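Spelled out from the first residue to the last, the chains are:
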Amino acid sequence: GAGVSQTPSNKVTEKGKYVELRCDPISGHTALYWYRQSLGQGPEFLIYFQGTGAADDSGLPNDRFFAVRPEGSVSTLKIQRTERGDSAVYLCASSLGTDLSGNTIYFGEGSWLTVV
Amino acid sequence: SQQGEEDPQALSIQEGENATMNCSYKTSINNLQWYRQNSGRGLVHLILIRSNEREKHSGRLRVTLDTSKKSSSLLITASRAADTASYFCATPLWGAGGTSYGKLTFGQGTILTVHP
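What you are looking at is a predicted structure, and each value in this text was computed from that prediction instead of being measured.

A. Highlighting the nonpolar core. Residues M21, L32, W34, L74, I76, Y87 and L112 of chain B are the most contacted members of the largest nonpolar core, which totals 21 residues. Elements that contribute at least two residues to this core include exactly β2 (10–14), β3 (19–24), β4 (31–37), β5 (43–50), β7 (61–66), β8 (71–76), β9 (85–94) and β11 (110–115) of chain B. Membership of the second largest hydrophobic core comes to 20 residues, among which are V4, I47, L77 and I79 of chain A.

What follows is the structure, given as structure tokens:
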């Protein structure tokens, strides 16, 4: 596709349930990022992939959060045992390379997760 | 914690006026980037300024960087109602050799409202 695609755009789930959020990056982009944004705040880094491997997962808040990118393209962010505090917009982004002095990051429209 | 702090938190102006937003950061940087976000959804990359640059222009945007004060400003000239959005500064992690890695740290943003 022309841009970064995220599904679902909105998800309401009950506390304790499992959620998967999908990201389809721009074709050919080797770097993929996940950010989380709470209302009124700036995005916060969660994890980024270079190819299939997680190059930096230091932003994942705890072990309930996990992300995969098995074929170096589509990525899935998985949240187990969701809590109300997980409610946020989850933003995915991609770039041609990871050197951000020469590569622009392109963001998707986000997946709005509400845990009730 | 956020690397960047924007001020003001909110700015309301009339169409045709100029809008200035400021960003301060804490650590050394390789470059600083400005993003725009409409309605809490996807972010759009506006402009990147490198640490050895003092000023950069792109259309109606003018960005300055003062590394001695660890601050940057974004000026939007001749504002339009369509400029209404949130604006964020962001700095990437960087390492040896001047390479900027994919982990961006965002400020909390400035909400700009331009009245027709």
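B. Expanded view of the pattern of salt bridges. Using the criterion set out here, one finds five salt bridges over all chains in the structure. When the shortest N-O distance is used, the salt bridge between R22 of chain A and D24 of chain A registers 4.0 Å. A relative accessible area of 29% means that D24 of chain A is categorised as partly exposed. With its nearest N and O atoms 2.9 Å apart, the salt bridge here joins R60 of chain B to D83 of chain B. Of this pair, R60 of chain B sits in the loop between β6 (55–58) and β7 while D83 of chain B sits in the loop between β8 and β9, placing them 23 residues apart in sequence. Note on R60 of chain B: relative accessible area 23%, which makes it partly exposed. Salt bridges sharing partners connect three or more residues here, namely R64, E83 and D86 of chain A.

C. Quick peek at the sheet that holds β7 of chain B. Residue and element names in this part refer to chain B. The strand order across the open sheet built from five strands is β1-β3-β8-β7-β6, with neighbouring strands paired in antiparallel fashion. The sheet is open, and its two borders are formed by β1 (5–7) and β6, each paired with just one other strand. Pairs of neighbouring strands in the sheet enclose a mean axial angle of 15 degrees, with direction left out of account. Pairing analysis gives six bridges linking β3 to β8, with the strands arranged antiparallel. From the neighbouring strand, C23 faces β8, where its bridge partner is S72.

D. Inspection of the packing of aromatic side chains at higher detail. Here the structure, examined in full by the defined rule, presents nine aromatic pairs over all chains. Centroid distance F107 of chain A to Y35 of chain B: 5.8 Å. Interplanar angle 85 degrees. Geometry classified as edge-to-face. Of the two residues, F107 of chain A is situated in strand β10 (residues 106–107) and Y35 of chain B in strand β4; the pairing between them involves two chains. Of the two residues examined, F107 of chain A and Y35 of chain B, each falls in the buried class. Aromatic ring contacts, followed pair by pair, group Y33, Y35, F45, Y48 and F107 of chain A together with Y35, F88 and F106 of chain B into a single cluster.

E. The arrangement of the side chain of D86 of chain A in detail. All names here are of chain A. Relative to the assigned elements, D86 resides in the loop between β8 (75–79) and β9 (88–95). D86 sits in the buried class, given a relative accessible area of 3%. Separated by 2.8 Å, the side chain of D86 and the backbone nitrogen of E83 make a polar contact. Among residues more than four places away in sequence, those in contact with D86 are R36, R64, F65, I79, L113 and V115.

F. Structural detail: the interface of chain B and chain A. Residue-level contacts link 25 residues of chain B with 27 residues of chain A. Carbon and sulfur atoms make up 49% of the surface buried where chain B meets chain A, a total of about 2000 Å² over both sides. Sorting the residues of chain B by area buried against chain A places R41, G102 and K103 of chain B first, and these three jointly supply 29% of that buried surface. Scanning the region where chain B abuts chain A turns up zero salt bridges. On inspection of chain B and its partner chain A, the count reaches four residue pairs in polar contact (both at pLDDT 80 or more). Among the secondary structure elements, those contributing two or more residues to the side of chain B that touches chain A are β4, β5, β9 and β10 (100–106) of chain B.

G. The arrangement of the sheet that holds strand β3 (residues 19–24) of chain A in detail. Residue and element names in this part refer to chain A. A sheet is described by the order of its strands in space; here four strands give the open sequence β1-β3-β8-β7, paired in antiparallel fashion. Looking along the sheet, the strands with just one partner apiece sit at the ends: β1 (5–7) and β7 (65–68). Each strand axis lies, on average, 15 degrees off the axis of its neighbour in the sheet, ignoring direction.

Rules of the game
Residues numbered from 1 in each chain as written. Chains lettered and ligands numbered in written order. Predicted model: local features only at pLDDT ≥ 70, side-chain atom pairs only at ≥ 80, totals over all residues. Heavy atoms only, no water. Core = buried A, V, L, I, M, F, W, Y, C linked by side-chain atoms within 4.5 Å. Buried < 20%, exposed > 50% of the residue type's maximum accessible area, 1.4 Å probe, protein only. Helix = DSSP H or I, 4+ residues; strand = E, 2+ residues; numbered from the N terminus. Salt bridge = Lys/Arg side-chain N within 4 Å of Asp/Glu carboxyl O. Pairing = 2+ DSSP bridges. Axes fitted to C-alpha atoms, helices over the stretch in contact; angles between N-to-C directions. Phe/Tyr/Trp six-rings, centres within 6.5 Å; stacked < 30°, edge-to-face > 60°. Polar contact = N/O pair within 3.5 Å; in protein donor to acceptor, adjacent residues only side chain to side chain. Contact = heavy atoms within 4.5 Å. Buried area = accessible area lost by both parts, 1.4 Å probe.

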